[in-house]
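Structure assessment
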Amino acid sequence: MTGDLSTRTWAGEYAARWTGTTRAGELGRVILNDVQLSGAHPTWWRAPSVATLLALPLLVWEYGMFRADGYTSGIEVMILWGFALLAIAWALPHRRSLRTLRMAAAGAGLGCALLPVLFAVLMAMAMASG
């Protein structure tokens, strides 16, 4: 920026940082915290692949079992949500900023796959105990 410290103001510096120009109208460049804002995350595929390897066989097996009832139950809806969340985890853009959302979608998809099995195990334990 041009000018000495006495002529610069905080508002002028702030405006110059976000608009990319200086007080004298010269072109400047915007660098925010020295972070590259674009580009693919190199390991974007890890969370969706781990969740898919664990959840997909369960989801397919559960869907085959619960589809045979002939009506849509709450468990069937949870299984479909599991499929959808795994698909969303794979379809999200591969940016580093979406890593948390990708991991959350993959984890929720895995959770939707495990909950019906956990529910069935708990029901079997309750029926066997009493």
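All figures in this text were calculated on a predicted structure; none of them were measured in a lab.

The rules behind each value
Residues numbered from 1 in each chain as written. Predicted model: local features only at pLDDT ≥ 70, side-chain atom pairs only at ≥ 80, totals over all residues. Heavy atoms only, no water. Helix = DSSP H or I, 4+ residues; strand = E, 2+ residues; numbered from the N terminus. Buried < 20%, exposed > 50% of the residue type's maximum accessible area, 1.4 Å probe, protein only. Contact = heavy atoms within 4.5 Å. Areas by Shrake-Rupley, 256 points an atom, 1.4 Å probe, with all protein chains shown as cover. Lys, Arg positive; Asp, Glu negative; His and termini not counted. Salt bridge = Lys/Arg side-chain N within 4 Å of Asp/Glu carboxyl O. Polar contact = N/O pair within 3.5 Å; in protein donor to acceptor, adjacent residues only side chain to side chain. Core = buried A, V, L, I, M, F, W, Y, C linked by side-chain atoms within 4.5 Å.

When helices and strands are counted, the protein chain shows 4 helices and 0 strands. For the protein chain, buried positions account for 22% of its 130 residues. Intrachain contacts of the protein chain at a sequence separation of at least 6 include 56% that bridge at least 24 residues. Split by element, the accessible area of the protein chain, about 9,200 Å² in all, is 68% carbon and sulfur.

Take the side chain of Arg102 next. Mapped onto the secondary structure, Arg102 falls in helix α4 (residues 99-129). Nearest to the buried, unbridged Arg102 among oppositely charged side chains is Glu62, at 23 Å. For Arg102, the side chain forms a polar contact with the main-chain oxygen of Pro93, separated by 2.3 Å. Aside from chain neighbours lying at most four places away, what touches Arg102 is Trp44, Pro48, Ala89, Leu92, Pro93, His94 and Arg95.

This part takes up the nonpolar core. Counting residues in each nonpolar core, the largest one holds 10 residues, listed as Ala51, Ala55, Leu59, Ile79, Leu86, Ala89, Ala105, Ala106, Leu110 and Ala113. Counting residues per element, the ones that place at least two in this core are α2 (46-66), α3 (74-91) and α4. Here the element with the most residues in this core is α4; it accounts for 4 residues. Apart from the residues within four sequence positions on either side, Leu59 is in contact with Ile79, Gly82, Phe83, Leu86, Cys112 and Ala113.

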